[in-house]
Amino acid sequence: MKLLVPVKRVIDYNVKVRVKSDQSGVDLANVKMSMNPFDEIAVEEAVRMKEAGTAQEIVVVSIGPEKAQDQIRQALAMGADRGLLVKTEAETEPLGVATLLKAIVEEEKPDLVIMGKQAIDDDCNQTGQMLAALLGWPQGTFASKIEKKDGEIHVTREIDGGLQTVSLKLPAVVTTDLRLNEPRYASLPNIMKAKKKPLDVKDPSDYGVDLKPRLEVLKVTEPPKREGGVKVETVAELVDKLKNEAGVL
Amino acid sequence: MVRPLDFDSTRLPSPHTGESHEAWRRTVRAFVDREIAPYVNEWDERGEFPRALHRKAAEIGLIGLGYPEDYGGTSDGVDVFHSLIASEELARAGAGGLIAGLMTHGIGLPPILALGPEALKRRIAPPVLAGEKLIALCVTEPSGGSDVARLKTRAVRRGDVYIVNGEKTYITTGMRADYLTVAVRTGGDGAGGLSFLLIEADRKGVSRAPLPKMGWWMSDTASIRFDDVEVPAENLIGAENQGFAGIVANFNMERLSMAAQAIAFARVCLADAADWALARETFGKPLAKHQVIRHKLAEMLRSVLAAQAFLDHCAWRVKNGVTPVAALALLKTQASRTMEFCAREAMQILGGAGFIRGCRVERIYREVRVMAIGGGSEEIMLDLAARQSGL
Ligand SMILES: Cc1cc2nc3c(=O)[nH]c(=O)nc-3n(C[C@H](O)[C@H](O)[C@H](O)COP(=O)(O)OP(=O)(O)OC[C@H]3O[C@@H](n4cnc5c(N)ncnc54)[C@H](O)[C@@H]3O)c2cc1C
């Protein structure tokens, strides 16, 4: 199989995110950026498939700024074979990214696209589903296990209330959940080898895709500060508060 | 722009590092977060860390960093900054004993690779760089460590073997090590009579005892006796009586790495103290809003940034093939003083909480002295720099 793994450059999960004073977005200046953790899981899964002999080639693609090459290199250091950056400084949105990925898929012709279920910056959880729909391919989202059996892909999905296993005909799109695997470290020798692996840089216009945002951000605000809790004396008091103060009963 | 004080914000952006350095930092950081940081308190209290950690560290390329590919290392594309990043990121766990114990080969192996015969390199380096065998460096003796040229352990050639007698002390990883790189006297008095000998720790006549100590609990430190130990002559590292240059060369790199660690420990102290000072309220406001305390933090940052810039500059010279002996000696002193100052101030800011075991600052405070004494004491460093300056 040939695998395509899209990866996104996002604010590192350890960073305490701060809203810009003009409320136009979050502050990205001097902030540590990393590969989206779900995408790291997708890369790991792809590399394991290659090691197990079920996949032969792994292409990693990122749509984002020049610096997203760092994230592609990390994927190459983990074991991917080739990188592609489609360079854009614009804020990316699920539909634009899915449309561009579709064009890339048509060019690269992978058997399977493995991608994160969502990116931890905007938490949209839409791109994988949109890509599958645009391609008319089957999709297995929130994967906690992926197996290739008799020419099909069996995906165990984490859903409310348990696990569901779906079998997908290839080609297909799979999105990864947290428990699929634990990504490996990019070792020093592999970091050095990754420097020599091919990494193409292209422009959205090469694919005839316009990434112009379709969403307008009105305002970004901090979540409300959590107020200290109160202790209730009796169950009756709790019920009363839920009914009359919280209005949830 | 406001940037809160944390481990990363207290590091100056370096003009000397690029993408592969940042990638390597990411790897070591993830390794520390997953395999080390959650356990350091437990390991330190227990007085040891799992031996298997050496193998795990070898798998990510940490043990082989900077050593030739021929022996299982990674040197292609690697420079001194990759190695300083490793020191720094390991120090972030706030446990010096871990670095001392995990990276002992950093002082034990270089003499063999720099001076040793090929057969010895092939026999010793690969298992060490794979994290399977441990190697320690034995220079210091009970009669003194600073005055290396006067060491007394004697190796007398008898046919195909050397017979070794003497005692070494304060040897890091001395208890666990499989191999000992030992400085011995093969010739007359002074620096011109010294050689290096590789002694397998299981040879007859080698006995060792652990030394309890003030800090670095999870790294073992040993006293080692050699009583008529027979060592094959092919274990001689380099030419007879030419060992002193090797000892000195080794010290220079050790000092650079210790400086990187000490500055990183200072950053840990600063970050933890700043967190505490922002959260803790006294007299109706956060500690950080009391001028006495915020100035302590600003002073810590000042000393950290200055030491950091000095470190980067020295490392840049080393990368370009220069060994600035006096600067390295002064850098090590600058770094241990910075660590000492920041550990002290952080302890004051944490108050009673800092005195209770289990936090990074408390442990780092107990590790200040070994950084100021080991690998060349502050006094010896200053004197060396004075001599190099023609005084
Ligand atoms: C935890 C730990 C681990 C160590 N690990 C190793 C190891 O793995 N291998 C190894 O070989 N050694 C190791 N050492 C030893 C270390 O390198 C020595 O402690 C150090 O070199 C100082 O030697 P000394 O302790 O004998 O002190 P001394 O040389 O006796 O010095 C005592 C004091 O006098 C000062 N002094 C000495 N001479 C002068 C002078 N001429 N002018 C002014 N002041 C002077 C020194 O600065 C010091 O303050 C370790 C030490 C410690 C504490």
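Each chain carries its own residue numbering, running from 1 in the direction its sequence is written. Chains and ligands are labelled sequentially in the order written, the chains with letters from A and the ligands with numbers from 1. The predicted origin of the model limits local features to residues at a pLDDT of at least 70 and limits the giving and counting of side-chain atom pairs to 80 or more, whereas totals for whole chains, interfaces and linings rest on all residues.

Caption draft 1: Summary view of the overall build of chain B. Of regular secondary structure, chain B possesses 15 helices and ten strands. Rg of the C-alpha trace for chain B: 21 Å, near the compact-globule value of 21 Å for 391 residues, within the 12% margin. Principal-axis analysis of the C-alpha atoms places the extent of chain B at approximately 80 × 45 × 40 Å. A sequence separation of at least 24 residues applies to 76% of the contacts in chain B between residues at least 6 apart. Counting from the N terminus, the helices are the DSSP runs of H or I reaching at least four residues and the strands are the DSSP runs of E reaching at least two. The globule rule is 2.2 Å times the number of residues to the power 0.38, and the radius of gyration it is compared with is taken over C-alpha atoms. Two residues qualify as a contact pair if the distance between their C-beta atoms, derived from the backbone, is within 7 Å.

Caption draft 2: View of the sheet that holds strand E10 (residues 172–176) of chain A. Residues and elements named next belong to chain A. When DSSP finds two or more bridges between two strands, those strands count as paired. Spatially, nine strands are ordered E9-E8-E7-E10-E6-E1-E4-E5-E11 in an open sheet, and the strand pairing comes out mixed. Since the sheet does not close on itself, it has two edges, and those belong to strand E9 (162–169) and strand E11 (199–202), each with one partner. For this sheet the average axis-to-axis angle between neighbouring strands, irrespective of direction, equals 30°. Where strand E7 (residues 139–149) and E10 come together, three bridges link them in parallel fashion. Its bridge partner lying in E10, Gln139 is registered against Val173. Packed onto the sheet, helix H1 (residues 37–51) meets strand E1 (2–6), strand E4 (57–64), strand E6 (112–116), E7 and E10 and runs at close to 145° relative to E6. Comment: axis = line fitted to C-alpha atoms, over the contacting stretch for helices; angle = value between 0 and 180 degrees taken between N-to-C directions. Helix H3 (residues 94–108) contacts E1, E4, strand E5 (82–87) and E6 of the sheet and is inclined by roughly 150° relative to E4.

Caption draft 3: Spotlight on the domain arrangement of chain B. All names here are of chain B. As annotated, the domain borders come from an automatic or database domain assignment. Taken as a whole, chain B is organised into domain 1 (19–129), domain 2 (135–242) and domain 3 (245–388). For domain 1 and domain 3, the distance between their C-alpha centroids amounts to 21 Å. Listed as interface residues are 21 residues of domain 1 and, on the opposing side, 19 residues of domain 3. Broken down by secondary-structure element, the contributors of at least two residues to the side of domain 1 that touches domain 3 are helix H2 (40–46), helix H4 (80–91), helix H5 (96–102), helix H6 (105–108) and helix H7 (110–115). Looking at which element gives the most residues to the side of domain 1 that touches domain 3, the answer is H4, with seven residues. Residues are grouped as follows: nonpolar covers Ala, Val, Leu, Ile, Met, Phe, Trp, Tyr, Cys and Pro; charged covers Asp, Glu, Lys and Arg; every other residue, Gly included, is treated as polar. Split into classes, the residues belonging to the side of domain 1 that touches domain 3 amount to eleven nonpolar, six polar and four charged.

Caption draft 4: Representation of the UniProt feature "domain: Acyl-CoA dehydrogenase/oxidase N-terminal" (unreviewed entry) in chain B within the structure. Following the UniProt record, one finds the feature "domain: Acyl-CoA dehydrogenase/oxidase N-terminal" (unreviewed entry) at residues 19–132 of chain B. Across residues 19–132 of chain B one finds 65% helix and 0% strand; the C-alpha atoms that close the span lie 30 Å apart. UniProt positions are given in the numbering used here, feature names are shortened, and annotations may be inferred rather than shown by experiment.

Caption draft 5: Molecular detail of the pairing of strand E5 (residues 194–200) of chain B. Residues and elements named next belong to chain B. Of all the seven residues making up E5, six are buried; the element is thus mostly covered by neighbouring parts of the structure. With seven bridges connecting them, strand E4 (residues 179–185) and E5 associate as antiparallel partners. By the bridge assignment for E5, Arg185 is matched with Leu194. Pairing geometry for E5 and strand E8 (residues 236–237), over two bridges, is antiparallel. Our exposure labels follow a C-beta count within 10 Å of each residue's own C-beta, placed from the backbone: buried means 20 or more other C-beta atoms, exposed means 12 or fewer, and partly exposed covers the counts in between.

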